[in-house]
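The residues making up each chain are set out below.
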Amino acid sequence: MSEPSTAESMPPPAPGAADYLALDFVNSAIALPGGVFVDALGTPASTNRWLSEHGLAPADAGVQEMCATQLRSLREHVRALFAARVAGLPVLPAALSAVNDALSRAPTADLLYWDDKTGPYRAAPCPTNAILDHALATLAASTADLLTGPDADRLTNCGSAPCNRYLLRHGRRHWCSTRCGDRARAARAYARRTQPESP
């Protein structure tokens, strides 16, 4: 059986993703009905595409497996922070450290360089490393902004199994997409129809 393509399988962005890139990031791995799991960061090429689509890397950045692995690792740490926040549980120190490490990877200012012919100039350090460091720092900053900002209390997980995505709750809505909401309503209706009548 062939695996569905990521573009066809991924539901639309969850509520709040337009405001917090961290939501799109943590939702880049999704469990779908039928035991299907789609990971937008599953390969270096798909990771490069995801970063490019989110303005974090040029389309021709040439992401390698090492970079994709670092991004997937950060995503799992962000997922752990979101899960702790939603459940009101203590945070895993490793997850907090990973986000803080990512926050500190991007320089806050361009470095000073010296060209023998033209003199001093400022520029970002090594572009290849800077792309990954910038992406990690940007995603970590979005995570920190969400978890410490006014929307933190609206963070929740999708209420439709098997979906594992996070969203910002609007009113009573607890689903990340219309598809998940329809699936949850259908499951409730089925449960009501098949429930035995009490005597």
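Residues numbered from 1 in each chain as written. Predicted model: local features only at pLDDT ≥ 70, side-chain atom pairs only at ≥ 80, totals over all residues. Heavy atoms only, no water.

Undergrad: Would you mind showing me how to read the pattern of salt bridges here?
TA: Side chains bearing opposite charge may pair, as long as their charged atoms lie close to each other. Under the criterion given, the structure shown has six salt bridges. Of the charged contacts, one joins R75 and D39 as a salt bridge, the two residues approaching to 2.7 Å between their closest N and O atoms. With R75 in helix 4 (residues 65-87) and D39 in strand 2 (residues 36-39), this pair connects stretches of sequence that are 36 residues apart. Like D39, R75 is buried. Linked through salt bridges whose partners overlap, the residues forming this network are D39, R75 and E76. (Salt bridge = Lys/Arg side-chain N within 4 Å of Asp/Glu carboxyl O. Helix = DSSP H or I, 4+ residues; strand = E, 2+ residues; numbered from the N terminus. Buried < 20%, exposed > 50% of the residue type's maximum accessible area, 1.4 Å probe, protein only.)

Undergrad: Help me understand the packing of helix 4 against helix 5 (residues 93-103) in this model?
TA: Geometry of a packed helix pair, given as the angle between the helix axes and the separation of the axes. Between helix 4 and helix 5, the shortest axis-to-axis distance is 9 Å and the interhelical angle comes to 125 degrees. With respect to each other, helix 4 and helix 5 are oriented oblique. Pair helix 4 / helix 5 crosses with left-handed handedness. Here L74, H77, V78, A80 and L81 of helix 4 come into contact with helix 5, specifically with A94, A95, L96, A98, V99 and A102. Of the residues belonging to the contact of helix 4 with helix 5, the class tally is 10 nonpolar, one polar and no charged. (Axes fitted to C-alpha atoms, helices over the stretch in contact; angles between N-to-C directions. Parallel < 35°, antiparallel > 145°, perpendicular 65-115°, else oblique. Left-handed = near helix turned anticlockwise from the far one by under 90°. Contact = heavy atoms within 4.5 Å. Nonpolar A, V, L, I, M, F, W, Y, C, P; charged D, E, K, R; others polar.)

Undergrad: What's the story with the side chain of D151 in this structure? I'm lost.
TA: Following the sequence through the fold, D151 ends up in the loop between helix 6 (127-148) and strand 5 (155-157). The class for D151 is buried, based on a relative accessible area of 16%. A polar side-chain atom of D151 sits 2.8 Å from a polar atom in the side chain of Y20. Every residue in contact with D151, bar those within four places of it in the chain, is listed here: Y20, L146 and L168. (Polar contact = N/O pair within 3.5 Å; in protein donor to acceptor, adjacent residues only side chain to side chain.)

Undergrad: What is the right way to read the nonpolar core from this model?
TA: Counting 32 residues, the largest nonpolar core has L23, W50 and F82 as its most contacted members. Mapped by element, the contributors of at least two residues to this core are helix 2 (21-26), helix 3 (44-53), helix 4, helix 5, helix 6 and strand 6 (166-168). In this structure, A14, I30, L32 and V38 belong to the second largest nonpolar core, which totals 10 residues. (Core = buried A, V, L, I, M, F, W, Y, C linked by side-chain atoms within 4.5 Å.)

Read these as geometric descriptors, not functional statements.
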